[in-house]
Amino acid sequence: MMLERRCLGTTGIDVTRLGFGTLTMSPMQRGLSVEAGGDLLLAALEAGVRFIDTAQMYGSYPQVASALCRWKGDHVTVATKSAAKTEEAMRQALDEAHATLGLPVIDVFLLHAVRDAADFAAREGAIGALLAAKAAGRVRAIGASSHFVGTMRLLAEDPRLDVLHPMLNRDGFGIIDEPLDAMLGVLAGAKRCGKGIYAMKPLGGGHLRNEARQALEWVLGRDEVDAIAVGMTSADELRMNLSIASHAPVDPEIEKRARGQKRRLFINEALCRHCGHCIQTCQQQALAYVEGRNAPAVDAGKCVVCGYCAPGCPAFAIRII
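The rules behind these values
- Residues numbered from 1 in each chain as written.
- Predicted model: local features only at pLDDT ≥ 70, side-chain atom pairs only at ≥ 80, totals over all residues.
- Heavy atoms only, no water.
- Axes fitted to C-alpha atoms, helices over the stretch in contact; angles between N-to-C directions.
- Helix = DSSP H or I, 4+ residues; strand = E, 2+ residues; numbered from the N terminus.
- Parallel < 35°, antiparallel > 145°, perpendicular 65-115°, else oblique.
- Left-handed = near helix turned anticlockwise from the far one by under 90°.
- Contact = heavy atoms within 4.5 Å.
- Nonpolar A, V, L, I, M, F, W, Y, C, P; charged D, E, K, R; others polar.
- Polar contact = N/O pair within 3.5 Å; in protein donor to acceptor, adjacent residues only side chain to side chain.
- Buried < 20%, exposed > 50% of the residue type's maximum accessible area, 1.4 Å probe, protein only.
- Core = buried A, V, L, I, M, F, W, Y, C linked by side-chain atoms within 4.5 Å.
- Pairing = 2+ DSSP bridges.
- Salt bridge = Lys/Arg side-chain N within 4 Å of Asp/Glu carboxyl O.

Novice: Describe in detail the packing of helix H3 (residues 87-101) against helix H5 (residues 124-135), supporting the description with residues and values.
Specialist: In helix packing, the relevant descriptors are the interaxial angle and the interaxial distance, both defined with respect to the helix axes. Following both chains from N to C, one finds H3 and H5 inclined at 45°, their axes separated by 7 Å at the closest point. It follows that H3 is oblique to H5 by the angle criterion. Between H3 and H5 lies a crossing of right-handed hand. Within the contact between the two elements, H3 uses Glu87, Met90, Arg91 and Leu94 and H5 uses Gly125, Ala126, Ala129, Leu130 and Ala133. Its residues assigned to classes, the contact of H3 with H5 shows six nonpolar, one polar and two charged.

Written as structure tokens, this is what we have:
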């Protein structure tokens, strides 16, 4: 299949518009083994994908390294992220990424999940480390990711940042502070300024999985977006998304299996604000606080994976994986 390619803004970094996001395969979510995750990533490369998104927090470096060390084809663009704030912590994150991924040069390195202006200001040391790494040739481009429109507006105005990684999907799932149209406006302005933009959560954290073609085509059809990072954990999901991204018909059996893949509700403890909204919303009474957890526990015997608890979550902490 022929996948469209674009340059990330004015960075000179080439990517396929369909990128492979590794959060869903990571220990944070579905927890594919190094072998299984590496095999799936390698299959994506063999099918034409040339863009992989990972992060220090995900714990998916071993899967990415497993695929890259076996890949004998042309260059694969790799983007990673770290939530490090200090200069020393970011230096350590850089060293870890180089060593674990086996890459002397990392194409894109981002500040991970910047929340607001105060958070961005607190990461000056980390930005300094990334700028030094870029000057030394260890990193080709730097940038930041965020779920917030207001924060993305701030990031877009910073001339030091080359690449932005925003929350973006057709229904605005996970865009926390302003409407979808506001995010699109910010990204259009950033694109005019030469920023590279690749979108996260084009399937809304799994909530748009049954409308995958419409959801992916919507994001890929946006002029503001150079590429998307899509989480995949099975060969069927990979084949379906490859067909959609290459404007080819989707095999009905593959789509049926991809949609029928067993799913579960996942609540990210690191993001949960303990507001209790999801517990109040759940008509199945499948969510409850339990001792020892920083987020509501999911009773798999009661949960019907309807996703109704997710839209009202103020932190976009709820996923279907």
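Novice: Let's hear about the side chain of Ser246: which residues, and what values?
Specialist: Tracing the backbone shows Ser246 in the loop between helix H9 (235-245) and helix H10 (252-260). Reaching out from Ser246, the side chain makes a polar contact with the backbone oxygen of Ser243 at a distance of 3.3 Å.

Novice: Run through the environment of His112, naming residues and quoting values.
Specialist: Take His112: it is sitting in the loop between strand S6 (106-111) and helix H4 (117-121). On the accessibility criterion, His112 (9% relative accessible area) is buried. Linking His112 and Thr80, residues 32 residues apart in sequence, is a C-alpha distance of 8.6 Å. Not counting chain neighbours up to four residues away, the residues in contact with His112 comprise Ala55, Met57, Tyr58, Lys81, Ser82, Ala83, Arg123 and Ser145.

Novice: Go over the nonpolar core, please, and point to the residues and values.
Specialist: With 78 residues, the main nonpolar core has Phe20, Leu68, Met90, Phe109, Leu111, Leu168 and Ile228 as its most contacted residues. Considering each element in turn, this core owes the most residues, six residues, to helix H7 (residues 180-192). Core analysis: the second largest hydrophobic core is formed by 17 residues, Cys278, Ala310, Ala315 and Ile320 among them.

Novice: For the sheet that holds strand S9 (residues 196-199), give the residues involved together with the corresponding values.
Specialist: Reading around the barrel, the eight strands line up as S3-S4-S5-S6-S7-S8-S9-S10 and close back on themselves, with parallel pairing between neighbours. In this sheet, adjacent strand axes meet at a mean angle of 25° when their direction is disregarded. Taken together, the four bridges between strand S7 (residues 139-146) and strand S8 (residues 163-166) define a ladder with parallel strand orientation. From the neighbouring strand, Ser145 faces S8, where its bridge partner is His165. The strands touched by H3 within the sheet are strand S5 (77-82), S6 and S7, with S6 carrying the most contacts at an inclination of about 145°.

Novice: Quick one: what's the story with the pattern of salt bridges, residue by residue and with numbers?
Specialist: The full count for this structure, using the stated rule, is 26 salt bridges. Via salt bridges that share partners, Arg5, Asp14, Arg50 and Asp74 belong to a single interconnected network.

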